[in-house]
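Overview (structure and organization)
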Amino acid sequence: MTNKILFIANWKMFGDLDSVKSIKSVINLSKKKKYKKAKIIYCPPYTLLDKFVIKTRKTKLCVGAQNCHQVINTGPYTGAISTTMIKKIGAKYVIIGHSENRSNGETNNQINKKIHSAISNNLNVIFCIGENLFEKKHNRTNNILKKQIYLGLKQIKKIDKIIFAYEPVWSIGTGKILTNKELTKQIIIIKNIIKNLFKKQKTKIIYGGSVNNRNINNLKQINEIDGFLIGGASQNSKKFIDIIKKTIN
Ligand code: 13P
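Quick look at the structure, then. (Residues numbered from 1 in each chain as written. Predicted model: local features only at pLDDT ≥ 70, side-chain atom pairs only at ≥ 80, totals over all residues. Heavy atoms only, no water.)

Here we take up the overall build of the chain. In terms of regular secondary structure, the chain is built from eleven helices and eight strands. Considered along the principal axes of its C-alpha atoms, the chain spans approximately 45 × 45 × 35 Å. Contacts in the chain between residues far apart in sequence, at least 24 positions, make up 71% of those at least 6 positions apart. When the accessible area of the chain is evaluated, it comes to approximately 12,500 Å², of which 52% is carbon and sulfur surface. (Helix = DSSP H or I, 4+ residues; strand = E, 2+ residues; numbered from the N terminus. Contact = heavy atoms within 4.5 Å. Areas by Shrake-Rupley, 256 points an atom, 1.4 Å probe, with all protein chains shown as cover.)

Put into structure tokens, the structure is as follows:
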């Protein structure tokens, strides 16, 4: 693993005003010298973004949104939030291309526009890629990943603000994970796809899908990954802290 280890909490459609308080213990942990290596980013639902920004002000924690609209500023898009709005509220990251949005019809073309919008607003992008079970069973994983990367990053020249999150769809919320050997192999393949496009630029790649405080000791052995995108287990500060502690120990 590289110098900084990313721990990105994707709260999905969970969390209320009370749960904001629960991150205090994570903030306290981040202040300890030992955990300086941990880069902790919270992606709560839109309704809590400002509360998280306020709560994490003057701490090392960062805040991100879980999605955005592709139109950069404002417009007649009911229910949508632009990257300008996300930026103005004080968040620094945005998750784009999550499979839960792809499965609702989000296309690679839309994802590409969203990434352009985020980058032009100087936001960091957590760019999710991953194959579903059907694609995996039909040996299409590498083609799918290649397509997601090529189309998602069309006309993107620099990847210094992009974190690649490999999240096999069949692994999200299921408890099923590739073996370390398989995962390492897959990450290397992804890195090669990226290298083909972006030559010598540095790649940050994290893993997501059923990461928890029981399998982290095993997952952390994989040198090729720079951190984790954590769903369910990140909503509980005790479990989230346990994951961070076990990784860094
Ligand atoms: P789980 O950790 O709940 O499997 O979710 C992973 C995920 O989708 C993070 O973006």
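As a further point, take the sheet that holds strand E6 (residues 162–166). The eight strands lie next to each other as E1-E2-E3-E4-E5-E6-E7-E8, forming a closed barrel whose pairing is parallel. Averaged over all pairs of adjacent strands, the angle between strand axes in this sheet comes to 25 degrees, irrespective of strand direction. As judged from the four bridges shared by E6 and strand E7 (residues 204–208), these two strands associate in the parallel manner. What sits directly across from Phe164, in E7, is Ile205. Sitting on the sheet, helix H3 (residues 49–56) touches strand E2 (38–43) and strand E3 (62–65), and the angle it makes with E3 is about 170 degrees. (Pairing = 2+ DSSP bridges. Axes fitted to C-alpha atoms, helices over the stretch in contact; angles between N-to-C directions.)

What follows concerns the pairing of strand E1 (residues 5–10). Extensive coverage of E1 is indicated by the burial of six of its six residues. Residues of E1 alternate between two faces, with Ile5, Phe7 and Ala9 on one and Leu6, Ile8 and Asn10 on the opposite face, all of them buried. Examined bridge by bridge, E1 and E2 share six bridges and lie parallel to one another. Looking across to E2, one finds that Ile8 is bridged to Ile41. As paired elements, E1 and strand E8 (residues 227–230) share four bridges and run parallel to each other. (Buried < 20%, exposed > 50% of the residue type's maximum accessible area, 1.4 Å probe, protein only.)

To continue, consider the side chain of Ser237. Within the secondary structure, Ser237 sits in helix H11 (residues 237–248). On the basis of relative accessible area, Ser237 is assigned to the buried category, the value being 8%. Looking at Ser237, its side chain comes within polar contact range of the main-chain oxygen of Ser22, at 2.6 Å. Once residues within four sequence positions are removed from consideration, Ser237 is found in contact with Ser22, Ile23, Ser25, Val26 and Tyr42. (Polar contact = N/O pair within 3.5 Å; in protein donor to acceptor, adjacent residues only side chain to side chain.)

Time to look at the packing of helix H2 (residues 24–31) against H11. The interhelical angle for the contact between H2 and H11, taken along N-to-C directions, is 20 degrees, at an axis separation of 9 Å. Judged by the angle between their axes, H2 and H11 are roughly parallel. Relative to H11, H2 is oriented so that their crossing is right-handed. For the pair H2 and H11, the contacting residues are Ser25, Val26 and Leu29 in the first and Ser237, Phe240, Ile241, Ile244 and Lys245 in the second. (Parallel < 35°, antiparallel > 145°, perpendicular 65-115°, else oblique. Left-handed = near helix turned anticlockwise from the far one by under 90°.)

Together, Lys4, Lys33, Lys36 and Lys60 make up a positively charged patch on the protein surface. Tracing the backbone through its elements, the reader meets Lys33 in the loop between H2 and E2. Residue classification places Lys33 among the exposed positions, given a relative accessible area of 72%. (Patch = residues over 30% accessible without salt bridge, like charges linked within 9 Å, V, L, I, M, F, W, Y side chains within 5 Å. Salt bridge = Lys/Arg side-chain N within 4 Å of Asp/Glu carboxyl O. Lys, Arg positive; Asp, Glu negative; His and termini not counted. Charge placed at Lys NZ, Arg CZ, Asp CG, Glu CD.)

The next point concerns the site of the ligand. Asn10, Lys12, His98, Glu167, Ile172, Gly173, Gly209, Ser210, Leu229, Gly231 and Gly232 make up every residue found near the ligand. At 2.9 Å from an oxygen atom of the ligand is found a side-chain nitrogen or oxygen belonging to Glu167. When the free accessible area of the ligand is taken as 310 Å², the share hidden by the protein chains comes to 94%. Class assignment of the residues belonging to the shell around the ligand gives a composition of two nonpolar, seven polar and two charged. (Near = heavy atom within 4 Å. Nonpolar A, V, L, I, M, F, W, Y, C, P; charged D, E, K, R; others polar.)

Counted at 1.5 Å a residue, the expected span for helix H6 (residues 108–120) with its 13 residues is 18 Å, and the 18 Å between its end C-alpha atoms agrees. Inspection of H6 places Asn108, Ile111, Asn112, Lys114, Ile115, Ser117 and Ala118 among the buried residues, and these make up the whole buried set. Asn122 lies just past H6 and shows a positive phi near 60 degrees. (Expected span 1.5 Å × (residues − 1).)

Turning our eyes to something else, we now look at the nonpolar core. A general tendency of soluble globular proteins is for nonpolar side chains to be buried together. Phe7, Tyr42 and Leu153 are the most contacted members of the largest nonpolar core, which totals 63 residues. Top element by residues in this core is helix H9 (residues 180–198). It accounts for six residues. Once residues within four sequence positions are removed from consideration, Leu153 is found in contact with Asn112, Ile115, Phe127, Gln148, Ile159, Ile162, Phe164 and Phe198. Formed by 13 residues, the second largest nonpolar core is a distinct cluster that contains Leu6, Ile8, Ile126 and Cys128. (Core = buried A, V, L, I, M, F, W, Y, C linked by side-chain atoms within 4.5 Å.)

Residues Tyr150, Leu151 and Leu197 make up a contiguous nonpolar surface patch of about 220 Å² in total accessible area. By the secondary structure assignment, Leu197 is in helix H9.

These figures come from the coordinates and say nothing about function on their own.
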